[in-house]
Amino acid sequence: MDSHWLAWLGGLIDGEGTIGLHRSNSKRFKHPYLGPHIQIVNTDLRLLHKAADIIESVMGKRPSIVVSHRGGNGTKRGYRLKVGTQWEAVMLLPAIRPYLVGKGEQADIVLSFAKRKYARLRYQWYEHAAEDQADYAKCLALNRRGTDPLEQMASAQPEEDS
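All values derive from a computational prediction rather than experimental measurement.

Visitor: Please explain the overall build of the protein as it appears in this structure.
Guide: Scanning the protein from N- to C-terminus turns up six helices and four strands. Secondary structure elements in the protein, listed N-terminal to C-terminal, are α-β-β-α-β-β-α-α-α-α. Every one of the 162 residues in the protein was classed for burial, and the buried ones make up 34%. Of the contacts formed within the protein by residues at least 6 apart in sequence, a portion of 60% connects residues at least 24 apart. Total accessible area on the protein is roughly 10300 Å²; 51% of this is exposed by carbon and sulfur atoms.

Here you go:
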């Protein structure tokens, strides 16, 4: 895949996507399950199909595209492209990481999480529970709407006396 298409995908994810960790409290698991979560939501299906083509060329597997909003009452139908397994995250994120500007920190967190889980054949959820929870909290804060993490960090630092 040409680097300009990977850069295009990185820009699309920076602007219209989410990179983070998804938490499931499903009863089928004995504990909260965390997993990588990469998605792009848009009303233009052509953009998502192009993104799916690029992702397929990197991973060898086409991501799913589903209807996320049916439209109506003056709104357009929305679609969601989702990449959501550890394996997919480990394949895709290193390829687009150099082109992520706004979501680079989230990509680093998700990659670290996925590699930590892949490092052992018999991963036990409690082995890295504190690290996993900290990564989840960081991703949540970075992906929160309406807040600028850089602004928050700057305002949290004490002012120096002149």
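Visitor: Please explain helix H3 (residues 86-96) as it appears in this structure.
Guide: Side chains three or four residues apart in an α-helix point the same way, a direct result of the helix having 3.6 residues per turn. Taken as a whole, H3 has its buried residues at Gln-86, Glu-88, Ala-89, Leu-92, Leu-93 and Ile-96. For H3, the angular spread of the buried residues around the axis is 140 degrees, confining them to a single face. Among the structural elements, helix H1 (3-16), strand E1 (17-24), strand E2 (33-42), helix H2 (45-59), strand E4 (78-83) and helix H4 (104-118) are those in contact with the buried residues of H3.

Reading guide: rules and limits
Residues numbered from 1 in each chain as written. Predicted model: local features only at pLDDT ≥ 70, side-chain atom pairs only at ≥ 80, totals over all residues. Heavy atoms only, no water. Helix = DSSP H or I, 4+ residues; strand = E, 2+ residues; numbered from the N terminus. Buried < 20%, exposed > 50% of the residue type's maximum accessible area, 1.4 Å probe, protein only. Contact = heavy atoms within 4.5 Å. Areas by Shrake-Rupley, 256 points an atom, 1.4 Å probe, with all protein chains shown as cover. Arc of directions from axis to C-beta.

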